[in-house]
Amino acid sequence: MECPICTTTLEPTTLESSLRASTCPACGGHFILSSDYLDWRQQHPANLDEQPDPTPLHESTDTSGAKRCPHCRHLMFRYRVGHDIAFGVDHCGSCNSVWLDRTEWDSLKRRNLHDDINRMFTDVWQRRVRAAEHRATMHTIYQEKFGAEDYAEAQRVKAWLDAHPQRQALRAFLTAEDPYSR
Ligand SMILES: [Zn+2]
Ligand SMILES: [Zn+2]
């Protein structure tokens, strides 16, 4: 099999205890067959909880241009990994194999996402990425609109209100022009 980026012949490697992969000696990318990944996942059924990356990459490691699957030659499609993760993972929709550019495996591992790769191509995962992205955008908008200090205060009041047994009456009180008028 050839590297989808630089056409160098891929070499068989072991990425993780028993996870077989093919690695490009020139550009450092990794190709993982779906069957090898699923075998490895079956041997390690526990799913590690996602954690923040202590050394996150802010620049994308993605290589540009369309890639063809080294295994079946179909065009690969790139999927988002997370709203705050700068790179995506290339997936072959025909044979389910995965291509990871250079350091992407290590980046996924630092976040404990290396055991979730097969789930990244599902609608559920992609919807979650978009929802998280929307939340982050709204957070920025509020912060800019209210200023950091007032936004923090508004969040504190909202949390207090949401947990209050009289929240409906309190909301009406707070939004009424004159809550004492008839
Ligand atoms: Zn290469
Ligand atoms: Zn393929």
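Fair warning: this is a prediction, and the values are worked out from it, not measured in the lab.

Colleague: Please clarify how the packing of aromatic side chains should be interpreted in this entry.
Modeller: For any pair of aromatic rings, the description consists of the separation of the ring centres together with the inter-plane angle of the planes. Evaluated as defined, the whole model comprises eight aromatic pairs. Taking 5.1 Å as the distance between ring centres and 75 degrees as the angle between the ring planes, the aromatic pair formed by Y79 and F121 counts as edge-to-face. Of this pair, Y79 sits in strand 4 (residues 76–80) while F121 is found in the loop between helix 2 (104–110) and helix 3 (123–146), placing the two residues 42 residues apart along the sequence. Pairing F173 with Y180 gives two aromatic rings, centres 6.0 Å apart and planes at 85 degrees, and the pair type is edge-to-face. Aromatic rings pair up to connect Y37, W40 and W105 into one cluster.

Colleague: I keep staring at a nonpolar patch on the surface and nothing clicks. Help me out?
Modeller: Taken together, I141, Y142 and F146 make up a surface patch of nonpolar side chains, about 260 Å² in accessible area. Here Y142 lies in helix 3. Given a relative accessible area of 34%, Y142 falls into the partly exposed group.

Conventions adopted
- Residues numbered from 1 in each chain as written.
- Chains lettered and ligands numbered in written order.
- Predicted model: local features only at pLDDT ≥ 70, side-chain atom pairs only at ≥ 80, totals over all residues.
- Heavy atoms only, no water.
- Phe/Tyr/Trp six-rings, centres within 6.5 Å; stacked < 30°, edge-to-face > 60°.
- Helix = DSSP H or I, 4+ residues; strand = E, 2+ residues; numbered from the N terminus.
- Patch = residues over 30% accessible without salt bridge, like charges linked within 9 Å, V, L, I, M, F, W, Y side chains within 5 Å.
- Areas by Shrake-Rupley, 256 points an atom, 1.4 Å probe, with all protein chains shown as cover.
- Salt bridge = Lys/Arg side-chain N within 4 Å of Asp/Glu carboxyl O.
- Buried < 20%, exposed > 50% of the residue type's maximum accessible area, 1.4 Å probe, protein only.

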